[in-house]
Structure formats: C-alpha cells, structure tokens
Amino acid sequence: MSEALGMADVVSSHCEDVDVLIAGAGISGIGSAYHLRTQCPGKSFVILEAQDGFGGTWRTHTYPGVRSDSDLYTFGYRFKPWVGPPIATAQAIRDYLDEVIAENDLDGAIRYRTRITRCSWDSAERKWTVETTGPDGAPGTTYRCNFLWMCQGYYDHDNPYLPDWPGKEDFRGQLIHAQKWHDGVDYRGKRVVVIGSGATAATVIPAMADEAAHVTMLQRSPTYFFCYPNVSDLADRLRLIGVDEATIHRCVRLDYLHNLKTLDRRSMEEPDAVFDEFKQMIRLYAGEDFEFAPHFTPSYRPWQQRVAFIPDGDLFVKIREGKVSAVTDQIERFTADGILLKSGEELKADLVVAATGFNLSVMGGIEFAVDGAAVDWSRTPTYRGMMFAGVPNLLWVFGYFRAAWTLRVDLLGDFVSRLLHYMDKVGKRQVTIVPPTDGANDELLPWIEDDNFNPGYLMRDLDKLPKRLGDRPEWRHTQNYWREAEEIPAIALDGPEFSYR
Ligand SMILES: Cc1cc2nc3c(=O)[nH]c(=O)nc-3n(C[C@H](O)[C@H](O)[C@H](O)COP(=O)(O)OP(=O)(O)OC[C@H]3O[C@@H](n4cnc5c(N)ncnc54)[C@H](O)[C@@H]3O)c2cc1C
C-alpha cells in the first residue's frame, strides 16, 4: 500500500453503497428481499450470506429425513402458494426458495461467501458501515447502507451444542452432532443411539430405522408429539373442485392459523385435554395398547417447548415395529462400547447421533457499534423484539416459536417497507427507538419468560439476548402472532417510540 493512501481510500476502493442491506439468505432474508423489492422498488439493496448458497437452516441441516415441523402453508410465505404436502423436506423448501429467488430476480442481489463481521453506525452520515470477510477469513468488500435488515437467524450454523460428556474420547464408535451430518456417516446395520427427543431426533430416528440394526432414542426428559397424516384435506378438496392455487394457499393458511390459535389457547387453558387428544392420535400409529409412561409423559404443559410434529406418525410406527425404542435417563459417561447411564445401564452403540440442539447466536456473531460505542445487546431493551433502543435504522427478524417463524417475515416485511416510505415522506434518514420517558422505573427483564417458552438453547444463553422493558407489551417479543398481526400494521410511526432526524 502506498504511504500516501489513507484508510478512507482503502475502504472506498472496496466499498459498495446501497440503501438497505439484508444480513443472511435464509428463509427470512429471501422473504424480506421480496418485500423490499415489491413494496419499495426504488430502494437498492444487497443480501450478504456467509455460506455459498441460500436456504440457511434448510441448507445447513443435511441429516437423514430433514424436514419442517410446521406446515408449509404457514411456514411458506404469504405471497407464494405452497403446493406440496404440508410437512416438507429441506430439499422441497430449498426448491421453493429457489423459485422465489428466480421469480423475483433476487439472485443478482445475493453476495455469497460473505460473512459480516462488524457493523458501525455513524450518525453524522446516517449510515451503517458493514465490514465483511470472505471464506478464507480475509477482509472482503465493505458495504455502506442506510438501513440494516438483520435476517441472520438465531443460532450458530458452524458450532452446534454438544455437551462435554465424560469419556467421549474412549468411545470406539462414531459420535456426530446432527447439525454436522455428512455423507460419510453410515448407519446401515449399526446400533444407533440418538441423544435427544426434540424435532431433530423425531425426524432422524424414523429415517434411519429401516436400515439401522436398531435405533434407541435416549432422552433426559419426555417431549410432546403431535401425530397427523401429512395431507391437507382442505387443500385436496379445493384442488379437486378447481380452485386456483393462490386461493387454496390463502384458505389453507387461514385454516392452519385458526387451528394453531385454538391449540395455543387450549394448551394453556386445558393442557390435560390437549394431551389426551395427542395420545389418541399417537395410538392410531403406535397401537391401542401403547404405554405412554414413562417415556412419553412430559412434565411441562404442551407448547411450553415446541411440540414435535410427526407426519404420518412415522416415529411411532417404527416403535410399534420394534425398530426404535426409547430410554429416559441421563448420561454418566461414554464407554468404549457406548453410553453408561446414571441408572447403571449401558447402551451399546456403533453410532451416536447428538440431537442436542443449537448454540444461540445473537446477531450472527457480528460486532456492533453506534457512533464509536460498542453495542451490548444483553443490556439493550427491545421494541417488540424487532428494533432496539439506541440502535438506529436496524430491524431483526426474529420469528415465532409456537407458530411458523416465517409468519413474522411477512409481517415485518410490511412494517419495514412502511417505515422506509414514511421516512422518505417526512424527509428523515435516521430512526432511533426511544424507551418510554413516563418516569416508570422499568426493570430490564429477560427476552422471554421461561413459563412462556423455555427450550434449552434459549435458557442456556438467555442472558445474551436483548431485554424486555418491565411488563410493557410493546417492549417485548410477545411470541403471539395473532396479536401482532393486528398490532404491527397499526403501529403509529409518529409515535413517541420513534425519534427521527
Ligand atoms: C432442522 C430444523 C427444522 C426447523 N423447522 C422449523 C419449522 O418447521 N418451523 C419453524 O417455524 N421453524 C423451524 N425451525 C427454526 C428455523 O431455523 C427457522 O424457522 C427459520 O428457518 C430461520 O430462518 P432464518 O432465515 O431467520 O435463519 P437461518 O435459517 O438461520 O438463516 C440465516 C442465514 O444467515 C446467515 N448468516 C448468519 N450470520 C451471518 C453473518 N454474520 N454474515 C453473513 N451471513 C450470516 C447464515 O449463514 C444463514 O444462511 C427449524 C430449525 C431447524 C434447525
């Protein structure tokens, strides 16, 4: 570098300027780009994606059978009809996203192999500077944008959660985390133990059951399972009578939303009745004499953790066929031949698959600064779980857990588009969220109450997430789609929470 060349010259020689920068090309980033392109056609934008392809979750996870556990009429976008079976494979979801990219000419806007490392807001310029690295970790292009649309998800795609079990190194078989699955993992004819009983375990177990010697589901505590045929009778009927796909999508989506809302309410009001209904459905696949205790009787109410949806009851069919069994116990340590349990029993295994979940990643592991001061997300109040006090021109798409994540992508797509139009109309380029100044002494509380939703990956790292402000409903992520579907479109953009300049 010539000595005469200043830092500004270095940055500007690799610098791209856009109105809006979208972080991540998963289902959130692609949906957000669609809304931006269609609702704010005048805005320039790029999507930065660390991986070398789109899809996020649906690209990272490649274990056998990988599929959604939401129906795609609600996990799919509002604007793009879903035409396949309600529960979809990762490949079918990627194909759907591929079509959205092609139909809306989004491909040219995505910059793959581009990891965002640092975002700095400058109030004088009213711009974010976004620094990146390439796949080799070398510095990449620097981007400057007016608005940051964070669609980087909520977990670390590279480092899944693998507890440090004693004796792991003694195990002579293969131990792999489901998130790290690769073609070299061979389960045929093997004694397989899957650790965990969430959605991932419930997917990978039936997918391996026919070819493995036996699969054991080892869980610390039981999970709720909801079995149902993987068809939508309503969609099939509407198709039969010649209704167009866009109308079918709208109707079936409304039907699923209605059913989910009812289930959500009933899980709180009459959890025992809901569990009885879950049991009836399970018996259809597992057999009338299926014993629920001790492996299938959770100690919390339905929906306090995500209920694992089992299309066509496949997990229970494999249990009935004797190919799968469940063990509820804790790991004492790994041995050369398998896993020694706290009860003293030893589970022999050739292959152990850890379906033990994620490591939470707040804001994609990116460093943030506002006017030179580092942002500490763990001390920052959130406005509706989407914007953050004192952090201008930034929105995070953090979806729903008890309803499909993507429902919020559409809601927030409308919101950001409305906000950007509003700012143009009033001639402002900076919006900062301001906490209430009514004198109430609001406590900074954890992102979510543990009696609302408490899966391990959230509870382990809850302290890293932004904070609720007292018990004010606008200052939290309520996780309530139905409420937000009414409230978010009605947000007054000239309200006291929004400060413009
Ligand atoms: C196996 C599995 C099944 C699931 N099934 C469902 C389901 O059925 N229903 C449901 O509602 N939810 C489900 N979820 C949760 C799921 O993760 C979300 O619903 C949804 O896919 C998240 O989409 P996203 O685009 O927000 O994030 P992600 O899918 O995590 O994508 C984020 C993207 O951002 C990129 N990125 C992250 N950090 C950076 C950075 N610093 N720089 C550049 N790029 C970055 C990542 O590489 C990734 O491509 C499932 C999760 C898993 C793991």
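Each chain has its residues counted from 1, running along the sequence as written. For this predicted model, a pLDDT threshold of at least 70 governs which residues receive local features, and a threshold of 80 or more governs which side-chain atom pairs are given and counted, while totals over whole chains, interfaces and linings are taken from all residues.

1. Examining the overall build of the protein chain
- Helix and strand labels come from DSSP, where a helix needs a run of H or I of at least four residues and a strand needs a run of E of at least two; each type is numbered from the N terminus. Helix and strand counts for the protein chain come out as 13 helices and 25 strands.
- Two things to know: the radius of gyration comes from C-alpha atoms, and the globule rule equals 2.2 Å times the number of residues to the power 0.38. Rg of the C-alpha trace for the protein chain: 24 Å, near the compact-globule value of 23 Å for 501 residues, within the 12% margin.
- When the backbone C-alpha atoms are referred to their principal axes, the protein chain occupies close to 70 × 60 × 50 Å.
- For every residue, the other C-beta atoms within 10 Å of its own C-beta are counted; 20 or more classify it as buried, 12 or fewer as exposed, and values in between as partly exposed. C-beta atoms are placed from the backbone. Sorting the 501 residues of the protein chain into buried and exposed places 40% on the buried side.
- A separation of at least 24 residues holds for 71% of the contacts in the protein chain among residues at least 6 apart in sequence. Our contact criterion uses C-beta atoms placed from the backbone: two residues qualify when those atoms are within 7 Å.

2. Looking at the sheet that holds strand β7 (residues 174-177)
- Here we have 5 strands laid out as an open sheet, ordered β7-β16-β8-β9-β12, and parallel in their pairing. Across the chains shown, the open sheet's two edge strands, defined by having one partner strand only, are β7 and β12 (324-328). The mean angle between the axes of side-by-side strands here comes to 20 degrees, regardless of whether they run parallel or antiparallel.
- For two strands to pair, DSSP has to find at least two bridges joining them. Examined bridge by bridge, strand β9 (residues 214-219) and β12 share 5 bridges and lie parallel to one another. Bridging across to β12, V215 finds its partner in V324.
- Lines are fitted to the C-alpha atoms to define the axes, a helix being fitted only along its stretch in contact, and any angle between axes, read from their N-to-C directions, falls within 0 to 180 degrees. Along the sheet, helix α6 (residues 199-209) contacts β8 (191-195), β9, β12 and β16 (351-354); its crossing angle with β9, the most-contacted strand, is approximately 165 degrees.

3. Description of the nonpolar core
- Put simply, a nonpolar core is buried Ala, Val, Leu, Ile, Met, Phe, Trp, Tyr and Cys residues tied into one set by C-beta atoms within 7 Å. Among the nonpolar cores identified, the biggest contains 123 residues, and L21, L148, W149, M150, V192, V194 and I205 are the most heavily contacted of them.
- The greatest single-element share of this core, amounting to 8 residues, is contributed by helix α11 (residues 407-426).
- Domain start and stop points were drawn from an automatic or database domain assignment. No fewer than three residues from each of domain 1 (14-158 + 360-500) and domain 2 (168-354) sit in this core.

4. Re the pairing of strand β14 (residues 338-341)
- Bridge count between strand β13 (residues 331-334) and β14: 3 bridges; the pairing is antiparallel. Bridge pairing links F334 to I339 in β14.
- In the sheet, β14 pairs with strand β15 (residues 346-348) via 3 bridges, with the strands oriented antiparallel. Looking across to β15, one finds that G338 is bridged to K348.
- Here β14 hands over to β15 after 4 residues, with G344 in that stretch at a positive phi of 105 degrees.

5. Some thoughts on the sheet that holds β14
- Taken in spatial order, the 3 strands of this open sheet run β13-β14-β15, and their pairing is antiparallel. The outermost strands of the open sheet, each flanked by one partner alone, are β13 and β15. For this sheet the average axis-to-axis angle between neighbouring strands, irrespective of direction, equals 25 degrees.

6. Digging into unusual backbone geometry
- Of note, the amide linkage connecting A293 to P294 takes the cis form, showing an omega dihedral of 5 degrees.
- Examined against the element boundaries, P294 turns out to sit in the loop between α9 (271-286) and β11 (308-311).

7. Structural notes on the packing of helix α8 (residues 245-269) against α9
- Relative to each other, α8 and α9 sit at 120 degrees, their axes nearing to 6 Å. In this view, α8 runs oblique relative to α9, as classed from their interaxial angle. Residue-level inspection shows L263, R266 and S267 of α8 in contact with α9, the latter providing P271, A273 and V274.
- The nonpolar class holds Ala, Val, Leu, Ile, Met, Phe, Trp, Tyr, Cys and Pro. Asp, Glu, Lys and Arg form the charged class, and all remaining residues, Gly among them, are polar. The residue makeup of the contact of α8 with α9, split by class, is 4 nonpolar, 1 polar and 1 charged. Throughout this description, any angle smaller than 35 degrees is read as roughly parallel, any larger than 145 degrees as roughly antiparallel, any in the 65 to 115 degree range as roughly perpendicular, and the remainder as oblique.

8. Re the packing of helix α2 (residues 27-39) against α11
- At a closest axis distance of 9 Å, the pairing of α2 and α11 adopts a crossing angle of 40 degrees. Relative to α11, the element α2 is oriented oblique. The hand of the α2/α11 crossing is right-handed. Touching I27, S28, G31, S32, H35, L36 and Q39 of α2 are V409, D410, G413, D414 and S417, all from α11.
- Of the residues assigned to the contact of α2 with α11, the class counts are 3 nonpolar, 7 polar and 2 charged. Handedness of each helix crossing follows the sense of rotation of the near helix against the far helix: counterclockwise by less than a right angle gives left-handed, clockwise gives right-handed.

9. Brief notes about the pairing of strand β2 (residues 45-48)
- By the bridge criterion, 4 bridges tie strand β1 (residues 15-23) to β2 in an arrangement that is parallel. When the sheet's bridge partners are listed, L21 is paired in β2 with V46.
- With strands facing away from the observer, any crossover in which the path from the first strand over the helix to the second runs clockwise is taken as right-handed. Considered for its hand, the β-α-β crossover made up of β1, α2 and β2 is right-handed.
- Bridging between β2 and strand β3 (residues 110-111) involves 2 bridges; their strand directions are parallel. Each residue of the ladder has a partner; that of L48, found in β3, is R111.

10. Focus: the site of the ligand
- Within the structure, the ligand sits among 34 residues, and G24, G26, G56, G153 and G364 are positioned closest to it.
- Tallying contributions element by element places α2 first for the shell around the ligand, with 3 residues. Any residue whose C-beta atom, as set from the backbone, lies within 6 Å of a molecule or strand is reported as near that molecule or strand.

11. Things to note about the domain arrangement of the protein chain
- Segmentation of the protein chain into domains returns domain 1 (14-158 + 360-500) and domain 2 (168-354).
- On a C-alpha basis, the centres of domain 1 and domain 2 stand 29 Å from each other.
- Opposite the 26 residues of domain 1 that make contact, domain 2 presents 30 residues.
- Residue classes in the side of domain 1 that touches domain 2 are distributed as 15 nonpolar, 6 polar and 5 charged.

12. Structural notes on α8
- Helix length check: α8 (25 residues) gives 36 Å between terminal C-alpha atoms against 36 Å at 1.5 Å per residue, within 8%.
- Listed as buried for α8 are I248, H249, V252, R253, Y256 and L260.
- Each element contacted by the buried residues of α8 is listed here: α4 (72-75) and α7 (233-240). Given the number of residues in a helix, its expected span is that number minus one, multiplied by 1.5 Å.

13. Re the environment of E345
- Relative to the elements of secondary structure, E345 occurs in the loop between β14 and β15.
- E345 sits in the exposed class, given 11 other C-beta atoms within 10 Å.

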